[in-house]
Structures are given as C-alpha cells and as structure tokens.
Amino acid sequence: MRGIYHSFANLVVRVGQRNIGLQRQAWRPFPITASLQPTRRHAHGQATEYLQMSDPDLTESQRTVREAISKICSKYPDEYWMELDNAGKFSLDLHADLARDGWLGICLPQKYGGSELGISEATVMMQTISESGGGMTAASSVHMNIFGLEPIVKFATEEQKERWLVPVIQGKERSCFGVTEPNTGLDTLKLQSTATRDGDHYILKGQKIWTSTAQTAEKILILVRTTPLDKVEKPTHGLSLFYTDLDRSAVQVTEILKMGRASVDSNSLFFDGWKVPAEDLIGEEGNGFKMIMQGMNAERVLVGAEALGLGFAALRRAAIYAKERVVFGRQIGKNQGIQHPLAESWMKLEAARLMLYQAARLYDEGYAAGEFANAGKYLAAEAAFEAAERAVMVHGGMGYAKEYHVERYCREAMLPRLAPVSREMIFNYIGERVLGLPRSY
Amino acid sequence: MSGLRILVPVKRVIDYAIKPRVNKAGTAVETNGVKHSMNPFDELSIEQAVRLREAKVPVEDILVFSAGPTKSQETIRTAMAMGADRGIHVVEEKIELEPLGVAKLLKQVVEKENRNLVILGKQSIDDDAGQTGQMLAGLLGWPQATQASKVTIEGEQCTVTREVDGGVETLKAKLPMIITTDLRLNEPRYASLPNIMKAKKKPLEKKTLADYDVDVSKRMKTVKVIEPPPRQGGGKVDDVDGMISKLKELGAI
Ligand SMILES: Cc1cc2nc3c(=O)[nH]c(=O)nc-3n(C[C@H](O)[C@H](O)[C@H](O)COP(=O)(O)OP(=O)(O)OC[C@H]3O[C@@H](n4cnc5c(N)ncnc54)[C@H](O)[C@@H]3O)c2cc1C
C-alpha cells in the first residue's frame, strides 16, 4: 500500500535528553484485526480529520451519537467495504454491532426497546456511518431498519408494533421496502400491483423493482393497490400498506447488477398469488399512500446525510492525497487548480449539511413541509458527487485504482442523486410548492 | 465486608488514533481542535470494574473521577455509559496537573468517598508518565498490583496476574488496594445507546481544586518538544558477508 497509508509517525517528545516514546499504536486497547493494521491511520487534520468533531453547531446528543458511532465504525476500515464491494458480498457485521448496542432503535419508541431520539440524531448517525468510509454500502445495510418503519410506529396497532418493532430493534429481523415498480417509476399513485381480499387473507399480484436487501430480509413493507384507480374518489386513495414475511416461495426475487454498492442487493420482485394474512395490513385499507408519505421527508434527510458522509470522506482523501503527492517538485495541492475545487467542495458540503440539519431539527419540532428536506437531500447529493468526482481527479490514475477508494465513493455517490426521489422531482416540488408555479407534469 | 467501593480515575487525552503534532512554539503537543477521547487504559479500568460487578463480586458502587477542563465531563459520561454509577469532576481549565498532584487529589477522594479499591490505567497516553497509581499507593500506604492482565476478587482477597519479562507473576493482596491496568486485561465494551441515554441522568458532581486541600503546584518544566527525525530508508545487502561489513561500517559490531 502506498500513498495515504503511511505509518503512524512515532512522535518522540524529548524532555531534556529523556525520550518519552509516544508510540501511539502501541496502546491500541483492542486486538488488532488483520484488516486494521496499525500502520494504517484514520485520517486526521482539520477537514482531513475523521471526524470533524469540532462542528460547533452539533447539540450535545448529536455529538454523543457521532462519537459513539465513529467508534463502532472504526472497526470497519475502508478496506473492509472495498472487499465487500469487490466480492458483491452482503455483510451483517455492522448491522449486528449496531443492533447489539441498541442503535437500530435510535428513533423508535422506548416501549419496544428503542431510544426515541430524533431525526437530528439519526441524521448524524447515518452521516457518520457513511463518512467512516462505508459510504452507501454501510448506510444501506441498516438504513431501512432505522427509519423505514415509521408508518408502523404511527399507524399500526399495539399488537402489531410489539410483533414487528421489537425484533427489528433487536436486529433479529430485517425489513425491506417495496414501493417502486418497473412500469410506473416515480408516479407512485399509478402502482399496478394489487391485493385482493380473500377471507382472512389478501392475495398479492404484481411486481416491484429496486427492492433493496430483499435477498436476505425477513420482512417487507409493501404498498399495493386494493381499490382500482377508476373506482376511487381521489387517486391517493385505494393504496394499502402491508408489513409481512417476505415469503420466497411466493415471491421471485432477482438481483439487479448495478453500478455501485454491489454488496447491498437491489432486486426485482415478481409475485402472483402471494397469500398475505389480513393481520399484516397496516391501518385502514386504502389509506396506504398517506402512511407512506408520513416520514418521507425524514427519509430524505437521512439519505442526504448518507450522501454528505460520502462527500466528506471523498474530500478527506482528496485533501490528504493532494498534500502528500509530489509532482514537478511540488505537492499537487499547492496548485490552485487542485486546491480551489476542494475548498469549494468543502463549502458546498457544509452548506448542504446545515440545510439538512435544519430540516432534521424542523422535522423533530413537528414541521411537516418538505422543502428543506428535499432541498437538503438535493444539495447534499450533488455536493457529494462533485466532491467524489474531484477526489478521483485529484488522485490522477490512482483515483481509478480501487485501493484508493475514491472510485467506489464516486460510483456510490450517484445513488443519492437518483433515489429515493430524483433531482427533477425535487425541482418540481420546489417550483410548485415554494415558488407557486404551475405543476409541470 | 460490605462490598467493593471502586474508584476509577479517567483522563481525557488526544484520541489514540490521531497522529500528534507538536505546536508551533515547540512547547507541547497541539491539542487545539484535535479529537479527544478517554485514555484507552482508563477504558480498561472501567471495563474491569463493571466486569467485577457482572461476575457477581459484591460491588457497592463504581465512582468515576476526572480532573481537567469542562470537556472532561464527556469522558465521565462515557465511563458512566459503560457502567460506572456516578461521577466527580474537578473542573480545572488552566493548571496542567502532574502525576503527584493527581495522586494527592485521588488520596483525598479515596478518603472522602470511603473507597476500598482504586483501578487506574497503568499510564495515560499523553504524558506516558506511568506514575499516578504507584504514587497513590505510596500516599495511602496501600498494597498495589500494577499492569494487571487478570484480576479476581474473592471476599477481601485480590489476585492479580501481571505479565512480566519471561512469564506471568501472580500477586495476592487484601483490600484495600490499588490496581493499574494493562492492555491484555480485557476488551472494553462500546457503550450501548440506551446506556448512553441512561448515563446522562446519572449523578455527576462538579467540584474545584479549592474543595480539596492539595498542593498541585508544578514541579517539572518541559524544556522543549520536537518531532522525531523522519525515518531513513534502509539499504539492501547481498549476503551475510555484506551485512557483516555493513554493520562494521556502522560501528554496530
Ligand atoms: C440502488 C437503488 C436502490 C433502490 N432501493 C429501493 C428500495 O429499496 N425500495 C424502493 O421502493 N425503491 C428503491 N429504489 C428505487 C428508486 O426510488 C427509484 O429508482 C427512483 O424513485 C426513481 O424512479 P425510477 O427509477 O422508476 O425513475 P423514473 O420514474 O422512470 O424516472 C426516470 C427519469 O425521468 C425523470 N422524470 C420522471 N418524471 C418526470 C417529470 N414529471 N418531470 C421531470 N422529470 C421526470 C426522473 O427524474 C428520472 O430522471 C432504488 C433505486 C436504486 C437505484
């Protein structure tokens, strides 16, 4: 390994002639695993520091979350995620660590084993996980279990919550989310999959696409039509939400090969005659769309935070490399053509961070509109992608080599630009809701 | 005996994973804007105290103590999240405490709080002085077992194993006593989220140096702090003869 990995310098403090060896890695109090060689460092320095703990705006509880999560993530260095990505292998290690220490329940009610903190804290958690170098891979391996179950919290019965939330918080069950369909895309109201009541069951028929982690998840939160579009008063009516076992004998799950985040599967789902117990319906039949909307803004904030983490990770690596790499007898970072785009990226990431944290705080205070959540997600995703692209360029040819990780960041940074809502739909939202312009579609 | 009343002193230091930089004036390691966390050896001490309780050794309470800037409270909270019951923080922003000063302070804490076991890290990774535990034992006149790699307590009897050159040494002593911890003792836990939340509600008493009757004046002066010279690359030799002549050339043999 060359370049950014170099050994911890053994700093010696000389007091008079006496050497007090400050050989830092010697005190590592945990056994050093093969993937965590003492010769590797976690980045340090100002914005090159993992983590920027000095963010002066963090609340005490956000700071606590950042500290504790970064500690857990330090077990999983970049190499760990790179190897998973190369092998396309899913891992539940981080999920298990987070579950064991109660982190999956960060925003879920205490009654079921959660800690009932806000989106403000979950935002910091997801940013930190991603920023550790785990990127969208690390974040997506837990994402759905952090906030995806909000409709259950808000609309399920006591019996259902006990049955569903407890195992998720304990990490014993994992869930995936099936909304997007191949034929309807962002036009959620046109979903074609259906559920038909049959005694104490519903029979589901249709298909979903992009359902992430469906290869291994035990449960699925799925939105389907129970009343055809032409029979409802409003198009937002007639959709119903189920939380049920992902029964692989009834659902064909096929993985989609994709650009990045290879180790966290996304899938297409086909089902025809899938029997789902009626007790797995959430709330009233026909009210599913309203329930899905609940928490949508919070989810955008979280995805934005994951993008942000990736952007900061990329910037960190770029800055370290720019400082170390010497060409034409000078550090490449001494050239303004290298330095200034990185400076600009930091500003853009920080601006996005402030917008996202504001959106999170407003959400926690009960503010329901989505302009800041949408805008924050947009800004963060764009800033992160730009930072990741610049990080690749700063590394020159090495940016294209996997061992420098920035190409992985760059591929992953495309994802939050596309999902869960696209840039165009965010513009549509702002144009219509904030600027009062006519709906363009 | 009514049970263990444990004192665990903890210190907030530059995070172990961060490469220390010398400040511009060359008088100290730069601490401004640098990530800090609990001295890793102190994590071992807390862990050990909590494990004693989990192993059903009667533990009355685990008191965590820190003297230092306001931020040290985060370190105390971390210790409480790991399982300590309460904390005392002597807020001191300016004075850099030296091992003897800390030991004197701890002696008073031990007496005021009626402690019968103190578990300290064998050193803190900022100064590497490795003296506080021993000094405290001296001041209190208590038995000490330093650099523990295993600790068992039955009734009044403590058995401590320490790894020494050429083997392991087992020490036995009666309470009250001082133990300092070494890396192999245990693997400290991560604080769980629910425990972090609970720790926020555990009692943390704030005090000042004036509350204790100690002389913490400085006895040492740091003359200069410098970065180590950059390591020089090695050379290759062809064979054993080449190596011998190289060693001779360097005056090593
Ligand atoms: C890796 C990955 C994981 C995913 N995981 C999940 C998951 O777990 N569960 C799930 O349900 N979904 C998931 N998704 C799906 C994701 O939410 C959708 O891909 C996203 O919502 C976009 O939908 P679409 O792909 O059908 O695009 P389309 O709706 O087909 O849109 C295509 C393009 O047209 C643009 N467009 C469409 N309509 C308009 C308009 N009116 N004005 C302007 N532009 C328009 C869009 O902005 C976009 O650029 C995932 C996607 C990816 C890539």
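Please read all numbers here as calculations on a predicted model, not as lab measurements.

Calculation criteria
- Residues numbered from 1 in each chain as written.
- Chains lettered and ligands numbered in written order.
- Predicted model: local features only at pLDDT ≥ 70, side-chain atom pairs only at ≥ 80, totals over all residues.
- Heavy atoms only, no water.
- UniProt positions renumbered as here; feature names shortened; annotations may be inferred.
- Helix = DSSP H or I, 4+ residues; strand = E, 2+ residues; numbered from the N terminus.
- Expected span 1.5 Å × (residues − 1).
- Buried < 20%, exposed > 50% of the residue type's maximum accessible area, 1.4 Å probe, protein only.
- Contact = heavy atoms within 4.5 Å.
- Patch = residues over 30% accessible without salt bridge, like charges linked within 9 Å, V, L, I, M, F, W, Y side chains within 5 Å.
- Areas by Shrake-Rupley, 256 points an atom, 1.4 Å probe, with all protein chains shown as cover.
- Salt bridge = Lys/Arg side-chain N within 4 Å of Asp/Glu carboxyl O.
- Core = buried A, V, L, I, M, F, W, Y, C linked by side-chain atoms within 4.5 Å.
- Domains from an automatic or database assignment.
- Buried area = accessible area lost by both parts, 1.4 Å probe.
- Polar contact = N/O pair within 3.5 Å; in protein donor to acceptor, adjacent residues only side chain to side chain.
- Nonpolar A, V, L, I, M, F, W, Y, C, P; charged D, E, K, R; others polar.

### Notes on the UniProt feature "domain: Electron transfer flavoprotein alpha/beta-subunit N-terminal" (unreviewed entry) in chain B
Per the UniProt record, "domain: Electron transfer flavoprotein alpha/beta-subunit N-terminal" (unreviewed entry) is annotated on residues 26–216 of chain B. Annotation note: span residues 26–216 of chain B, helix share 29%, strand share 31%, distance between end C-alpha atoms 24 Å.

### Structural notes on the UniProt feature "domain: Acyl-CoA oxidase/dehydrogenase middle" (unreviewed entry) in chain A
Per the UniProt annotation, the sites labelled "domain: Acyl-CoA oxidase/dehydrogenase middle" (unreviewed entry) are residues 176–272 of chain A. With 0% helix and 47% strand, the stretch residues 176–272 of chain A has end C-alpha atoms that lie 19 Å from each other.

### Let's talk about helix α3 (residues 99–112) of chain B
All names here are of chain B. With 14 residues, α3 extends 20 Å between its outermost C-alpha atoms, agreeing within 8% with the 20 Å of an ideal straight helix rising 1.5 Å per residue. Taken together, the buried positions of α3 are occupied by P99, G101, A103, L105, L106, Q108, V109 and V110. Packing partners of the buried residues in α3 comprise β1 (4–9), β4 (59–68), β6 (117–121) and α4 (132–140). Positive backbone phi, approximately 55°, marks N114, located one or two places after α3.

### A word on a nonpolar patch on the surface
Residue and element names in this part refer to chain B. Residues V237, V240, M243, I244, L247 and I253 make up a contiguous nonpolar surface patch of about 510 Å² in total accessible area. Relative to the elements of secondary structure, I253 occurs in the segment after α6 (240–249). Judged by relative accessible area, which is 61%, I253 ranks as exposed.

### Focus on the nonpolar core
Grouped together as the largest cluster of nonpolar side chains are 106 residues, with contacts concentrated most on A:W103 and A:I146. With 13 residues, helix α9 (residues 296–324) of chain A is the single largest residue contributor to this core. Both domains that furnish three or more residues to this core are identified here as domain 1 (11–155) and domain 3 (294–434) of chain A. With residues near it in sequence (within four places) discarded, A:W103 still touches A:V65, A:A68, A:I69, A:I72, A:L98, A:M125, A:I146, B:A191, B:L193 and B:I196. Judged by nonpolar contacts, the second largest core, of 24 residues, contains A:L149, A:V166, A:L189 and A:L221.

### Quick notes on the domain arrangement of chain A
Residue and element names in this part refer to chain A. Domain parsing of chain A yields domain 1 (11–155), domain 2 (173–292) and domain 3 (294–434). Of the residues lining the interface, 18 residues belong to domain 1; the matching set on domain 2 comes to 19 residues. Between domain 1 and domain 2 the total buried area reaches about 1500 Å² when both faces are included, carbon and sulfur atoms providing 68% of it. On the domain 1 side of the interface with domain 2, the three residues burying the most area are F90, M144 and F155, jointly 36% of the side's total. Counting every contact that joins domain 1 to domain 2 gives zero salt bridges. For the interface between domain 1 and domain 2, the tally reads three residue pairs in polar contact (both at pLDDT 80 or more). Class assignment for the residues of the side of domain 1 that touches domain 2 results in nine nonpolar, seven polar and two charged.

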